[in-house]
Amino acid sequence: MVFSWLSSWLPVSLHRLWLWSTALVLALGLLQLTRLLARRQKLLRALDSFPGPPIHWFFGHAKEIEEGGGLDKMISWANTYPSAHPLWFGRFVGFLNIYDPDYAKAVYSRGDPKAWDIYSFFLPWIGKGLLVLDGPKWFQHRKLLTPAFHNEVLKSYVSLFAESTHAMLEKWKEKVCVNTCVEIFNDMGFMALDSLMKCIFGKTHKGQTQSGTDYYLASTNLALMMQERIQTFYYHNDFLYWLTPHGRNFLRACKIAHDHTDKVIRERKAALKGEELEKIQKKRHLDFLDILLGVKDENKTNLSDMDLRAEVDTFMFEGHDTTTTSISWFLYCMALYPEHQRLCRKEIQEILQGRDTFQWEDLAKMTYLTYCIKESFRLYPTVPQVYRQLSKPVTFTDGRSLPEGSLVSLHIYALHRNPTVWTDPEVFDPQRFTPENSSGRHPFAFMPFSAGPRNFIGQQFAMTEMKVVTALCLLHFEFSPSPTQPPIKQLQLVLRSKNGIHLHLKRLT
Ligand code: HEM
């Protein structure tokens, strides 16, 4: 009796359940679509006064960028549409892409939050660290973490950078006979990871070899996958993305990175046993992790475990690919322009007077090298594009404006090649950065580290590392370009080369 009642009831009930679920999914889908369409309309209206390249109804500009060589396409658009133009990734995510210093100043001097449409993709990997945080919590963390980049801390890193560079140079010396072509980007990646791990965790990743480099591979792949996600608009939806093999690979790589960070934090906490920073400092130099574990807010509370991991992962993410890329493109510039390479080497030899080790004080004397580093940052900016979401309306100097909530992309690559700002922008000319030539320049014309309150917190750290590594490379090797394998520029959050960076190396010592 009960059974027959149940069997007659179940199908009807399941059927109803199915109908209700379908109706609910459809309603939610419709709601989401309406929301997206309304948002598209709002963005279209906001960008109305900015002419730009035609928008494909489905892909926006994403496909054209991919097919048109990415950065070159952007330059051709920047040359056609003065100051700024709309840029669409798919149908629903549209930015005002800017490359004019006055436009950059209007937005980047204010400290608007990061554009969540893009930066939320970083969350599964780096969590809510300094790069993506906003509001009072960002301000508090920025204040707490600033001491990690003080000169006193940086001084102790000079020998660490030199040690990692020497290990890479030894590898090159083994590879190079007379004049050998070497793909430098990969070796530079291992070197940069090695030195960053020493600065952050106080340890290396096993001698810059392939073994023990799961973390290195995971973080490299994560950067690549994030850029693909940004440019592939149907990956923008979390639900759809996690269903794809791409999304699942992303989560796997995140897990490798997190397991590594968690382990290091656990081990360090156990080793420190709550010891105060001052006491540790008497025994050895402090690394980032010591400083992070030691910081206390106004209520004398340490960072939570989650915040701690987010900051460590942020430093590892921000600090690794960026330095690898910057140094590799710099050496590429030196290879292309041998007269500047010679002048840099001469300056370094004169400063060192036969020494093979650096002192902190030596770095300030490397004037010509600094000009060349800046010029390579201009032509090959490490982070070519950064994004913001306006927290209030902005009016630009030409009277055009954008309402609150609009998305803005600063195209640093196009800004640095803007012919209204830079004479002969394609020419490598370090003299642009002498004090006389820099004095009249717009403060927002050169932005390799972004600018304003949300700029890069550790510029001094990056410049210190760049000077030590590049000076040692130039001291030990002469670089010339490979005519058969020129680099192919590719935007992967940072400016990479699709085919690596191949240079001819001639041993000098
Ligand atoms: C040459 C190397 C580097 C370059 C060119 C560079 C460039 C940048 C740029 C352009 C930003 C702004 C990003 C945005 O607005 O979305 C930024 C932010 C940041 N960078 Fe770097 N970076 C470099 C190296 C590093 C290193 C070595 C670290 C850490 C060890 C680091 C940590 C950070 C952090 C934490 C932020 C977020 C700052 C904030 O929002 O308050 N960067 N960097």
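This one's a predicted model, so the numbers in the text were calculated from it and none came from an experiment.

All right, on to the sheet that holds strand S11 (residues 502-507) then. Reading across the sheet, the 3 strands line up as S3-S11-S8 and stay open at both edges, with antiparallel pairing between neighbours. A single partner strand is all that each edge strand has here, and the edge strands are strand S3 (179-183) and strand S8 (477-481). Here the average twist between neighbouring strands, direction ignored, is 35 degrees. Sheet contacts for helix H9 (residues 157-175): S3, S8 and S11; angle to S8, the most-contacted strand, approximately 70 degrees.

One pass over the full model with this rule turns up 39 aromatic pairs. Both rings, one in Phe 288 and one in Phe 315, keep their centres 4.8 Å apart while their planes meet at 75 degrees; by these two values the pair is edge-to-face. Separated by 27 residues along the polypeptide, Phe 288 in helix H15 (residues 288-294) and Phe 315 in helix H16 (residues 305-336) bring together distant segments of the chain. Assigned by exposure class, Phe 288 and Phe 315 land together as buried. Of the aromatic side chains, those joined through ring pairs into one cluster are Phe 89, Phe 95, Tyr 119, Phe 122, Trp 125, Phe 317 and Tyr 387. A cation over a ring is seen here: Arg 40 above Trp 88, with NZ or CZ 5.3 Å from the ring centre. In this structure, Arg 417 packs its charged tip against the face of Tyr 380, placed 5.8 Å from the ring centre.

Around the ligand, the surrounding shell holds 26 residues, and the nearest of these are Tyr 119, Trp 138, Arg 142, Glu 318 and Phe 456. The separation between an oxygen atom of the ligand and a polar side-chain atom of Tyr 119 is 2.5 Å. Note that an oxygen atom of the ligand is positioned 2.7 Å from one of the side-chain N or O atoms of Arg 142. Element by element, the count of residues in the shell around the ligand is highest for H16, at 6 residues. The residue makeup of the shell around the ligand, split by class, is 14 nonpolar, 7 polar and 5 charged.

When S3 meets S11, the two strands line up antiparallel, connected through 5 bridges. Across the sheet, the residue bridging to Glu 183 is His 502, located in S11. One ladder, built from 5 bridges, connects S8 with S11; its direction is antiparallel. Note on S11: the bridge partner recorded for Phe 477 is Arg 507.

Our next topic: the nonpolar core. The biggest cluster of nonpolar side chains holds 161 residues, and the ones touching the most others in it are Phe 122, Trp 172, Leu 331, Leu 402 and Phe 479. At 13 residues, the largest contribution of residues to this core is made by H16.

Moving on to the coordination of the iron atom of the ligand. Donation to the iron atom of the ligand from the protein comes from one atom only, Glu 318 (OE), at 2.6 Å. Relative to the elements of secondary structure, Glu 318 occurs in helix H16.

At a minimum axis separation of 9 Å, helix H10 (residues 184-201) and H16 run at an interaxial angle of 140 degrees. Put simply, H10 runs oblique to H16. The handedness of the crossing between H10 and H16 comes out as right-handed. In this structure, H10 uses Ile 184, Phe 185, Met 188, Gly 189, Met 191, Ala 192, Leu 193, Leu 196, Met 197, Ile 200 and Phe 201 to contact H16, whose residues at the interface are Val 312, Phe 315, Met 316, Gly 319, His 320, Thr 323, Thr 324, Thr 325, Ile 327, Ser 328 and Leu 331. Looking at side-chain class alone, the contact of H10 with H16 contains 15 nonpolar, 7 polar and no charged residues.

This part takes up the sheet that holds strand S4 (residues 385-389). Ordered by their spatial adjacency, 4 strands build an open sheet running S1-S2-S7-S4, and the pairing between neighbours is mixed. Of all strands in the sheet, those with a lone pairing partner are strand S1 (84-89) and S4, marking the two edges. Put simply, the sheet's adjacent strands are angled 30 degrees from each other on average, direction ignored. Looking at chain direction, S1 and strand S2 (residues 93-98) are connected through 6 bridges and run antiparallel. In the sheet register, Leu 87 faces S2, and the bridge partner there is Phe 95.

Attention now goes to the side chain of His 476. As for its position among the elements, His 476 is in helix H22 (residues 459-476). Those residues in contact with His 476 that sit more than four places away from it in its chain are His 166, Leu 169, Lys 173, Asp 356, Lys 506, Arg 507, Leu 508 and Thr 509.

Let's shift gears to the packing of helix H7 (residues 135-145) against H16. Following both chains from N to C, one finds H7 and H16 inclined at 70 degrees, their axes separated by 13 Å at the closest point. Taken as axis vectors, H7 and H16 run roughly perpendicular relative to one another. For the element pair H7 and H16, the recorded crossing hand is right-handed. The segment H7 lies against H16, with Lys 137, His 141 and Leu 145 engaging Asp 307, Glu 311 and Phe 315. In the contact of H7 with H16, the residues fall into 2 nonpolar, 1 polar and 3 charged.

Turning our attention to the side chain of Ser 164. Structurally, Ser 164 is set in helix H9. Reaching out from Ser 164, the side chain makes a polar contact with the side chain of Lys 198 at a distance of 2.8 Å.

Another point: the environment of Thr 232. Relative to the assigned elements, Thr 232 resides in the loop between helix H11 (214-231) and helix H12 (238-243). You can call Thr 232 buried: its relative accessible area is 17%. Spatially, the C-alpha atoms of Thr 232 and Lys 73 are 17 Å apart, while their sequence positions differ by 159 residues.

The rules behind each value
Residues numbered from 1 in each chain as written. Predicted model: local features only at pLDDT ≥ 70, side-chain atom pairs only at ≥ 80, totals over all residues. Heavy atoms only, no water. Pairing = 2+ DSSP bridges. Helix = DSSP H or I, 4+ residues; strand = E, 2+ residues; numbered from the N terminus. Axes fitted to C-alpha atoms, helices over the stretch in contact; angles between N-to-C directions. Contact = heavy atoms within 4.5 Å. Phe/Tyr/Trp six-rings, centres within 6.5 Å; stacked < 30°, edge-to-face > 60°. Buried < 20%, exposed > 50% of the residue type's maximum accessible area, 1.4 Å probe, protein only. Lys NZ or Arg CZ within 6 Å of the ring centre and 35° of its normal. Near = heavy atom within 4 Å. Polar contact = N/O pair within 3.5 Å; in protein donor to acceptor, adjacent residues only side chain to side chain. Nonpolar A, V, L, I, M, F, W, Y, C, P; charged D, E, K, R; others polar. Core = buried A, V, L, I, M, F, W, Y, C linked by side-chain atoms within 4.5 Å. Donors = N, O, S within 2.8 Å, 3.2 Å for Na, K, Ca; no water. Parallel < 35°, antiparallel > 145°, perpendicular 65-115°, else oblique. Left-handed = near helix turned anticlockwise from the far one by under 90°.

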